[in-house]
Amino acid sequence: MKNNKLLQLTYHCCNLFCVLLVIFFLAITLVTGYWFIYPGFTEHFDAEVAFPFKASLFGYTKSAFWNIGTESVAQLTVANLNPLSVLFNYLQLSAIFLLTFLCFREFAAILRSLRLRDTFQQRNVQSFSRIGNYLLFTFILSSFWFAIFKQGYMYSFHISLTIPVLMFLAYVLAQVFKEGNQLFEENELTV
């Protein structure tokens, strides 16, 4: 399988996605750090555009705003976000990037073992189980979002079916590779 072009292409794509995730993480880190130093640069960025989570088929979004004295409701701009809200959303997004990065690294390790003809090894079973666990945490982290403004808040709960389907697929593949590993070990003992 070393000459399998599809496996090679998929392996290189996994590595490319890992590099892109690191670049996106660094970009988000720079923008968030700059926001803490100078929040005015985001004065014209609409918060609903910056945080595009909307109620979906399985979701709910709520927002509430109020006046303070004679001051009317502030605009929904990123500059009006509470610093703790920005920090929480940065950490949440960073964790999602990290978990996605780990999923791609585990999948690249599986592809590498397939190319070397070590298909039904225990480490592939563990890799698929880890991918399932990473996807579970990604699903939990990506199903909610909130932002606190100077004069209001917005929050959203939504469920995407893509991540749970991939998670269950990873767990099923872990069991398939576990069975294959047991058959491989029994075959080695009989020879």
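None of the values given here were measured: they were computed from a predicted structure. (Residues numbered from 1 in each chain as written. Predicted model: local features only at pLDDT ≥ 70, side-chain atom pairs only at ≥ 80, totals over all residues. Heavy atoms only, no water.)

Caption draft 1: Here's a closer look at unusual backbone geometry. At Arg117, a residue that is not glycine, the phi angle is positive and equals roughly 65°. Mapped onto the elements, Arg117 comes out in the loop between α3 (83–115) and α4 (122–142). Here Arg117 falls in the exposed class, since its relative accessible area comes to 64%. (Helix = DSSP H or I, 4+ residues; strand = E, 2+ residues; numbered from the N terminus. Buried < 20%, exposed > 50% of the residue type's maximum accessible area, 1.4 Å probe, protein only.)

Caption draft 2: Up close: the layout of surface pockets. Size it by volume and the second largest pocket reaches roughly 360 Å³. In terms of lining, the second largest pocket is formed by 16 residues, of which the most central are Cys103, Phe107, Ile131, Leu135 and Leu166. Looking at the lining of the second largest pocket residue by residue, the class counts come to 14 nonpolar, two polar and no charged. (1 Å grid on protein atoms, 1.4 Å probe; cavity = no way out; pocket = protein on both sides within 12 Å on 5 of 7 lines; lining within 4 Å. Points joined across faces, edges and corners; volume = space filled by probe spheres on them. Nonpolar A, V, L, I, M, F, W, Y, C, P; charged D, E, K, R; others polar.)

Caption draft 3: Main features of the environment of Gln122. Structurally, Gln122 is set in helix α4. Overall, Gln122 belongs to the partly exposed group, its relative accessible area being 38%. On a C-alpha basis, the gap between Gln122 and Gly180 in space is 9.5 Å, while along the polypeptide they are 58 residues apart.

Caption draft 4: Quick peek at the sheet that holds strand β3 (residues 152–158). Reading across the sheet, the three strands line up as β1-β3-β2 and stay open at both edges, with antiparallel pairing between neighbours. Looking at which strands have only one partner, the edges of the open sheet turn out to be β1 (59–65) and β2 (144–149). Strand-to-strand twist across the sheet, computed as the mean angle between neighbouring axes with direction ignored, equals 5°. The sheet contact formed by β2 and β3 spans six bridges and is antiparallel. Within β3, the position partnered with Ala147 by the bridge is Met154. (Pairing = 2+ DSSP bridges. Axes fitted to C-alpha atoms, helices over the stretch in contact; angles between N-to-C directions.)

Caption draft 5: Up close: the nonpolar core. Membership of the largest hydrophobic core comes to 19 residues, with the highest contact counts inside it found for Cys103, Ile110, Leu111, Leu114, Phe128, Ile131 and Leu135. Broken down by element, this core gets its largest block of residues, six residues, from α3. Leu111 has contacts with Leu7, Thr10, Tyr11 and Cys14, leaving out every residue within four places of it along the chain. With eight residues, the next largest nonpolar core counts Trp35, Val86, Trp145 and Phe149 among its residues. (Core = buried A, V, L, I, M, F, W, Y, C linked by side-chain atoms within 4.5 Å. Contact = heavy atoms within 4.5 Å.)

Caption draft 6: Just the packing of aromatic side chains, in detail. Across all of its chains, the model carries 10 aromatic pairs by this definition. On the numbers, 6.4 Å between centres and 25° between planes, the contact of Phe25 with Tyr90 is stacked. With Phe25 in helix α1 (residues 5–37) and Tyr90 in helix α3, this residue pair connects regions lying 65 residues apart in the sequence. Here Arg115 stacks its cationic end above the ring of Tyr11, 5.4 Å away from the centre of that ring. (Phe/Tyr/Trp six-rings, centres within 6.5 Å; stacked < 30°, edge-to-face > 60°. Lys NZ or Arg CZ within 6 Å of the ring centre and 35° of its normal.)

Caption draft 7: Inspection of the pattern of salt bridges at higher detail. Within the structure shown, the criterion is met by two salt bridges. The closest approach of N and O atoms between Glu106 and Arg130, which form a salt bridge, is 3.2 Å. On the criterion of sequence distance, the pair formed by Glu106 in helix α3 and Arg130 in helix α4 is long-range, its members being 24 residues apart. Exposure remark for Glu106: the relative accessible area of 14% places this residue in the buried category. Taking relative accessible area as the criterion, Arg130 reaches 34% and is therefore assigned partly exposed. (Salt bridge = Lys/Arg side-chain N within 4 Å of Asp/Glu carboxyl O.)

Caption draft 8: Helix α5 (residues 162–190), seen in detail. In this model α5 runs 42 Å from its N-terminal to its C-terminal C-alpha over 29 residues, within 8% of the 42 Å that 1.5 Å per residue would give. For α5, the set of buried residues is Ile163, Pro164, Met167, Ala170, Ala174, Phe177, Gly180 and Asn181. (Expected span 1.5 Å × (residues − 1).)

Caption draft 9: Fine view of the environment of Phe58. Topologically, Phe58 is positioned in the loop between α2 (47–50) and β1. Distance from Phe58 to Ile159, taken between C-alpha atoms, is 5.4 Å for residues 101 residues apart in sequence.

Any link to function would need more than the numbers given here.
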